[in-house]
Amino acid sequence: MTAGSPKTVLLFAFVTVLFIGTGFMQSWNTALTIFNMGLISAIMALGVNMQWGYAGLFNVGVMGFVALGGLAAVLVSMPPVGEAWAAGGAKVLAGLALGAATIIGAILVWQKMPPGRLRGLAVPAVLVAGFFIFRAVFDQGVDAVESIDPALTGYLGGLGLPIVLAWPVGGLLAAGAAWIIGKTALGLRSDYLAIATLGIAEIIISVMKNEDWLGRGVKNVTALPRPVPYEVELQASDWFLSLTGQFGVNPVTTSSILVKLSYAGLFILVLLVLIWLSEKALNSPWGRMMRAIRDNEVSASAMGKNVKARHLQIFILGSAVCGLAGAMMTTLDGQLVPSSYQPLRFTFLVWVMVIVGGSGNNWGAVLGGFLIWWLWIQVEPIGLLLMQVITSGMVEDNGLRIHLLESAAYMRLLTMGLILLLVLRFSPRGLIPER
Amino acid sequence: MDFLNAIVALANFVIIPATAYGAQLALGALGVTLIYGILRFSNFAHGDTMAFGAMVTILVTWALQGAGVSLGPLPTALLALPAGIVATGLLVIGTDRVVYRFYRAHKAKPVIYVIASLGVMFIMNGVVRFIIGVDDQRFADGERFIISARTFRNLTGLDEGLALRTSQGLTIVIAIIAVMLLFWFLNRTRTGKSMRAFSDNEDLALLSGINPERVVLYTWLIVAALATTAGVLYGLDKSFKPFTYFQLLLPIFASAIVGGLGNPLGAILGGFVIAFSEISITYAFRKVVGYLLPEAWEPDGLLQLLSTDYKFAVSFGILLIVLLFRPTGIMKGKSI
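For every chain, the first residue of the written sequence is number 1, and numbering continues from 1 along that sequence. Just so you know, chain letters begin at A and ligand numbers begin at 1, following the order they were written in. In keeping with the model being predicted, local features are shown solely for residues with a pLDDT of at least 70 and side-chain atom pairs are shown and tallied solely at 80 or more, while totals for entire chains, interfaces and linings include all residues. In computing side-chain properties, one takes all heavy atoms of the structure into account and sets aside hydrogens as well as water.

Q: What's the story with the overall build of chain A in this structure? I'm lost.
A: In this description a helix means any DSSP run of H or I spanning at least four residues, a strand means any run of E spanning at least two, and both kinds are numbered starting from the N terminus. Counting secondary structure elements, chain A contains 18 helices and 0 strands. Over its C-alpha atoms chain A spans a radius of gyration of 24 Å, differing by no more than 12% from the 22 Å that the globule rule assigns to 435 residues. By its C-alpha atoms, chain A is 75 × 60 × 50 Å across when sized along the principal axes. Relative accessibility under 20% of the residue-type maximum defines a buried residue, over 50% an exposed one, and the middle range a partly exposed one, all with a 1.4 Å probe and only protein chains included. Counting the 435 residues in chain A, one finds 53% classified as buried. For chain A, the proportion of contacts with a sequence separation of at least 24, taken over those separated by at least 6, is 82%. Each accessible area is a Shrake-Rupley result for a 1.4 Å probe, and residues are judged covered by the shown protein chains and nothing else. Counting only carbon and sulfur atoms, one obtains 71% of the accessible surface of chain A, whose full area is about 19,000 Å². On chain A, the mean spot of the 26 positive side-chain charges and the mean spot of the 21 negative ones are 16 Å from each other. Note on method: radius of gyration uses C-alpha positions; expected globular size equals 2.2 Å times residues raised to 0.38. Residue contacts are counted whenever heavy atoms from the two residues lie within 4.5 Å of one another. His residues and chain termini do not enter the charge count, which takes Lys and Arg as positive and Asp and Glu as negative. Every charge is mapped to an atom, namely NZ of Lys, CZ of Arg, CG of Asp or CD of Glu.

Here's what the structure looks like:
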């Protein structure tokens with residue numbers, strides 16, 4: 001099955017119809033909002049597909065990498081908080097350096113000393129002593145930074161650079177995290193790796209929720225700079241008003257649609273580049289080697305392929321793509337809300353996209369991203385409609401009726417699970433199977 | 001006197017809560033470990049199985065409370081627990097019939113089961129939220145304390161009070177009974193022995209005429225009972241909220257893995273290792289140290305290693321350290 005096969009074209013046409021239908025039935029604004037997140041979902045799905053579809057790595061820590069990308073958006077684009085840097089910036093940095101030095105020191109001690117009881121005591125001693133020195137320096141810095149106008153800042157801020165730069169930086173940040181995780185956890189077998197990545201995602205989220213000096217924690221960073229113009233600016237500009245006047249359309253609605261279209265343009269560009277690269281990679285000798293390793297690790301290893309190094313490589317690549325998507329998503333939202341990162345949405349839903357779309361096939365992952373994201377949003381109104389039909393025979397204040405209507409929102413979890421199970425059972429290779 | 005105060009403070013804030021939490025984790029981890037040992041996959045739906053069992057128990061509890069039935073000083077939920085277990089048993093067996101049996105028959109790779117369990121997790125999560133909503137539900141009634149802090153202070157004359165809540169006492173007692181029943185079953189009954197044989201060596205067990213479907217059926221029933229009990233005890237001790245139960249997956253998996261996947265004794269050990277490290281690493285030791293040191297040396301800080309929000313990070317940190325040094329857990333679990 002190639003990218004241009006009739007079934008693939010039909011499926012993509014079907015998804016296009018869904019979005020266009022949304023535009024006609026609800027509004028073009030809604031359709032574009034879903035479409036933009038669909039683009040980001042497709043990129044996340046591409047990342048997971050690299051790890052699972054190419055290499056068979058079971059990563060359920062997608063959320064952690066996405067969140068790191070979001071953090072990158074803040075670190076790159078927000079203006080630096082000068083007072084905070086003056087008050088405690090140096091101490092925070094010194095503390096972090098001490099923490100890193102402790103870990104490196106412990107690893108060196110472990111490697112240099114001969115195995116034995118002495119080493120068993122020396123390593124924890126280095127770690128414990130290092131931890132307390134780190135905390136002593138670091139905590140002072142953090143207190144100083146967080147006390148600078150906590151209602152507005154209370155953090156170090158970012159570099160004040162254009163936010164589009166945050167996208168590759170988000171990818172790099174996620175890649176760095178993936179390197180550390182891969183080094184420690186890739187030796188584990190699949191189930192253990194899954195749980196290790198699940199845990200690391202939780203750690204990344206709890207760090208982002210609690211380290212206020214870094215990204216304001218649960219106080220959230222809002223009003224991130226935009227790569228596209230603001231609606232009010234458009235509405236105030238002459239060329240825009242004359243244009244809407246010519247076509248006789250409402251300038252307010254049109255400005256919001258134009259902003260969304262600009263985002264969509266940027267995202268489509270990124271998606272196209274990624275798809276092109278992924279397709280090239282998958283169809284290269286490298287891609288064939290990856291699939292060979294996935295299908296039979298032992299014989300690939302016997303053929304002289306370095307399985308562990310290849311796994312690390314693809315794990316880093318896939319995670320970087322997720323980080324990139326995370327940075328793009330935060331750009332689109334215009335704010336970083338650490339508490340909104342929930343595994344059901346940012347990890348498991350992406351998995352549903354990959355499995356339903358077709359693991360091992362980049363076009364499948366993209367299709368899954370759009371289709372599942374559309375469903376995730378639309379199941380709620382559809383569920384509500386369904387409940388209204390079911391309960392239409394009941395009286396207004398019937399307890400069951402009220403409960404059913406209120407609970408319609410939870411239909412989406414149920415539906416996603418059902419779709420995943422049905423596809424896994426009856427079309428285990430997904431809607432667009434691997435070639 | 002101060003030394004005693006320090007011990008009481010430690011018992012009150014660390015030892016008792018950690019023991020109760022450890023028992024809840026151990027019951028959860030036993031379920032995960034049994035599934036892993038016999039069906040050979042990590043069941044991601046386990047947290048939501050616990051939530052489902054607890055939810056049915058809560059609904060029955062409310063019905064009983066509405067009918068005026070109570071257990072006096074004990075929580076009514078204990079009366080409702082068997083109903084919860086039966087409902088959860090039916091649910092998991094139904095799930096096995098509809099979902100997992102197909103993959104068993106087709107000898108699918110373990111990771112396919114795990115992905116299927118993600119689907120089951122979504123569905124159970126949705127069902128629970130659909131029926132009971134996402135909010136906190138409290139269903140504990142009866143006597144709140146076995147010993148309250150005030151009674152303890154009056155009794156002993158110490159400055160520091162020790163409170164033992166009914167839910168904590170019950171958790172420990174019920175967990176001991178459940179574990180004893182489980183080990184009796186696994187070691188003494190015919191079915192239990194065939195379950196262990198199946199877990200040790202599937203081919204040999206099949207060769208000696210053990211019916212695999214029967215083993216699987218009993219495993220799910222036991223898992224349902226353990227999961228419901230763990231879920232209800234956790235709910236009585238803290239509160240019931242579907243999302244919290246989903247989040248429990250991480251410490252439960254950590255317990256099962258730290259102890260050694262597939263090893264029931266390991267699951268219990270792992271549960272307590274995780275619970276004690278979680279609570280003691282995030283507890284502020286200032287009070288305890290304050291009693292022990294002379295006044296002049298009293299510490300300024302809270303003496304807290306990590307903020308309480310990092311408790312999931314602690315479970316995972318312990319997990320990673322154990323795996324780095326003992327890749328199959330403390331008690332040598334299996335790796336497939």
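Moving on, there is more to tell.
Q: How should the overall build of chain B be read in this particular structure?
A: The number of helices and strands found in chain B is 14 helices and 2 strands. Rg of the C-alpha trace for chain B: 21 Å, near the compact-globule value of 20 Å for 336 residues, within the 12% margin. Principal-axis analysis of the C-alpha atoms gives chain B an extent of 70 × 55 × 35 Å. Every one of the 336 residues in chain B was classed for burial, and the buried ones make up 55%. Pairs at least 24 apart in sequence give 75% of the contacts found in chain B among residues at least 6 apart. Summing over all exposed atoms, chain B offers an accessible surface of approximately 13,900 Å²; the carbon and sulfur share of this is 65%. Within chain B, the 19 negative side-chain charges are centred at a point lying 12 Å from the centre of the 25 positive side-chain charges.

Q: In this structure, what is going on with the side chain of aspartate 212 of chain A? I would like to understand it.
A: Within the secondary structure layout, aspartate 212 of chain A lies in helix 8 (residues 212-215). Leaving out residues up to four positions away in the same chain, aspartate 212 of chain A has contacts with Glu146, Gly154, Tyr155, Gly217, Val218 and Lys219 of chain A.

Q: Honestly, the environment of aspartate 135 of chain B in this entry has me stumped. Any pointers?
A: Residues and elements named next belong to chain B. Turning to its location among the elements, aspartate 135 is positioned in the loop between helix 4 (110-132) and strand 1 (145-147). Its relative accessible area of 52% is what places aspartate 135 among the exposed residues. In contact with aspartate 135, other than residues within four places in its own chain, are Phe240, Lys241 and Pro242.

Q: Sorry, what's going on with a nonpolar patch on the surface here?
A: Residue and element names in this part refer to chain B. Together, Phe3, Leu4, Ile7, Leu292, Leu293 and Trp297 give the surface a local cluster of nonpolar side chains, amounting to about 640 Å² of exposed area. Top contributing element to the nonpolar patch by residue count: helix 1 (residues 2-38), with 3 residues. Relative to the elements of secondary structure, isoleucine 7 occurs in helix 1. Judged by relative accessible area, which is 42%, isoleucine 7 ranks as partly exposed. Candidates for patches are residues over 30% relative accessible area with no salt bridge; among them, like charges are joined within 9 Å and nonpolar side chains (Val, Leu, Ile, Met, Phe, Trp, Tyr) within 5 Å. Just to be clear on terms, a salt bridge is a Lys or Arg side-chain nitrogen sitting within 4 Å of an Asp or Glu carboxyl oxygen.

Q: Sorry if this is basic, but what is going on with the nonpolar core here?
A: Across soluble globular proteins, nonpolar side chains show a tendency to be buried alongside one another. The term nonpolar core refers to a set of buried residues drawn from Ala, Val, Leu, Ile, Met, Phe, Trp, Tyr and Cys, joined through side-chain atoms within 4.5 Å. Membership of the largest hydrophobic core comes to 233 residues, with the highest contact counts inside it found for Phe58, Tyr341, Phe348 and Trp351 of chain A together with Phe44 and Phe240 of chain B. Of the residues forming this core, the biggest block, 16 residues, is contributed by helix 1 of chain B. Ala11, Phe152, Leu158 and Leu162 of chain B belong to the second largest nonpolar core, which has 6 residues in total.

Q: In this structure, what is going on with a positive patch on the surface? I would like to understand it.
A: Residue and element names in this part refer to chain B. Judged by side-chain charge, Arg188, Arg190, Lys193, Arg196 and Arg214 come together as a positively charged surface patch. When residues in the positive patch are grouped by element, the largest group, 3 residues, is from helix 7 (residues 190-200). Structurally, lysine 193 is set in helix 7. Residue classification places lysine 193 among the partly exposed positions, given a relative accessible area of 43%.

Q: For this particular structure, what's the right way to read the side chain of threonine 171 of chain B?
A: Here threonine 171 of chain B is to be found in helix 6 (residues 166-188). Setting aside anything within four residues of it in sequence, one finds threonine 171 of chain B in contact with Ala20, Ala23, Gln24 and Leu233 of chain B.

Q: Before we go on, may I ask you to explain the interface of chain A and chain B in this structure?
A: Note on interface size: it is often stated as the accessible area lost on association of the parts. Listed as interface residues are 47 residues of chain A and, on the opposing side, 52 residues of chain B. Simply put, the buried area is the total loss of 1.4 Å probe accessible area from both parts when two parts are fitted together. A combined buried area of about 4,400 Å² lies between chain A and chain B, and 77% of that area is made up of carbon and sulfur atoms. Counting across the interface, chain A meets chain B through 0 salt bridges. Think of a polar contact as two N or O atoms within 3.5 Å of one another; within protein, one of them needs to be a possible hydrogen donor and the other a possible acceptor, and neighboring residues in sequence only count if both atoms come from side chains. Taken together, chain A and chain B are joined by 9 residue pairs in polar contact (both at pLDDT 80 or more).

Q: What exactly am I supposed to notice about unusual backbone geometry here?
A: Most peptide bonds adopt trans geometry, and most residues besides glycine take a negative phi value. All names here are of chain A. One non-glycine residue, aspartate 149, lies in the positive phi region at around 45 degrees. Within the secondary structure, aspartate 149 is located in the loop between helix 5 (117-146) and helix 6 (166-185). Judged by relative accessible area, which is 40%, aspartate 149 ranks as partly exposed. Phi angles above zero are rare outside glycine, and arginine 216 is one such case at about 65 degrees. Under the relative-accessibility criterion, arginine 216 is labelled buried at 9%.

Q: In this structure, what is going on with the environment of isoleucine 355 of chain A? I would like to understand it.
A: Assignment of secondary structure puts isoleucine 355 of chain A in helix 15 (residues 343-357). Classification of isoleucine 355 of chain A by relative accessible area gives buried; the value is 5%. Taking C-alpha positions, isoleucine 355 of chain A is 20 Å from glutamine 378 of chain A, a pair spaced 23 residues apart along the chain. Residues in contact with isoleucine 355 of chain A, not counting those within four places in the same chain, are Trp52, Leu420, Val423, Leu424 and Gly430 of chain A together with Ile115 of chain B.

Q: Can you walk me through the packing of helix 2 (residues 28-54) of chain A against helix 16 (residues 362-390) of chain A in this structure?
A: The axes of two packed helices give the description: the angle between them and the distance between them. Residue and element names in this part refer to chain A. Orientation is described by lines fitted to C-alpha atoms, with helices fitted over the stretch in contact, and by angles between N-to-C directions that extend from 0 to 180 degrees. Taken N-terminus to C-terminus, the directions of helix 2 and helix 16 make an angle of 135 degrees; their axes are 7 Å apart at the nearest point. Here helix 2 is positioned oblique relative to helix 16, judged by the angle of their axes. Relative to helix 16, the crossing made by helix 2 is right-handed. In this structure, helix 2 contributes Ile34, Phe35, Met37, Gly38, Leu39, Ser41, Ala42, Ala45, Leu46, Asn49 and Tyr54 to the contact, and helix 16 contributes Asn362, Ala365, Val366, Gly369, Phe370, Trp373, Trp374, Ile377 and Gln378. We call two directions roughly parallel when the angle between them is under 35 degrees, roughly antiparallel when it is over 145, roughly perpendicular when it lies between 65 and 115, and oblique otherwise. Throughout, a crossing is termed right-handed when the near helix is turned clockwise from the far one, and left-handed when it is turned anticlockwise from it by less than a right angle.

Q: Please clarify how the packing of aromatic side chains should be interpreted in this entry.
A: Two measures describe an aromatic ring pair: the distance that separates the ring centres and the angle between the ring planes. For this analysis, a ring pair means two rings from Phe, Tyr or Trp (six-membered ring only for Trp) whose centres lie within 6.5 Å, classed as stacked if their planes differ by under 30 degrees, edge-to-face if by over 60, and tilted for the remaining angles. Under the criterion given, the structure shown has 31 aromatic pairs over all chains. Centroid distance tyrosine 234 of chain B to tyrosine 245 of chain B: 5.6 Å. Interplanar angle 85 degrees. Geometry classified as edge-to-face. With tyrosine 234 of chain B in helix 9 (residues 212-237) and tyrosine 245 of chain B in helix 10 (residues 242-247), the pair connects residues that are 11 residues apart, well separated along the chain. In this pair, the class of tyrosine 234 of chain B matches that of tyrosine 245 of chain B, namely buried. Ring geometry for phenylalanine 243 of chain B and phenylalanine 246 of chain B: centres 5.9 Å apart, planes at 40 degrees, overall tilted. Of the two residues, phenylalanine 243 of chain B and phenylalanine 246 of chain B are both situated in helix 10; the distance of 3 residues between them amounts to about one turn of the helix. Given a relative accessible area of 21%, phenylalanine 243 of chain B falls into the partly exposed group. Three or more aromatic residues link up through ring pairs in this structure, and these residues are Phe41, Tyr100, Phe102, Tyr103, Tyr113 and Trp220 of chain B. Whether a charge sits over a ring comes down to the Lys NZ or Arg CZ being within 6 Å of the ring centre and within 35 degrees of the ring normal. It is arginine 119 of chain A that lies over the ring of tryptophan 110 of chain A; its NZ or CZ is 3.6 Å from the centre. Between lysine 311 of chain B and the ring centre of phenylalanine 312 of chain B, over which it is positioned, the NZ or CZ distance is 5.7 Å.

Q: What's the story with helix 12 (residues 285-295) of chain A in this structure? I'm lost.
A: Because an α-helix packs 3.6 residues into every turn, residues spaced three or four apart end up facing the same way. Along helix 12 of chain A, the residues that are buried comprise Gly287, Met289, Met290, Arg291 and Ile293 of chain A. On its buried side, helix 12 of chain A packs onto helix 2, helix 11 (251-282), helix 13 (297-302) and helix 14 (307-333) of chain A.

Q: Please explain the confidence of the model for chain B as it appears in this structure.
A: Atom-level detail of predicted coordinates should not be read off regions where pLDDT is low. Each residue gets a pLDDT score, which is the predictor's confidence in that residue and runs from 0 to 100. For chain B, per-residue confidence averages 90 on the pLDDT scale, and residues scoring 70 or more make up 98% of the total. Among the prediction metrics, the complex's ipTM stands at 0.92, with pTM recorded as 0.93.

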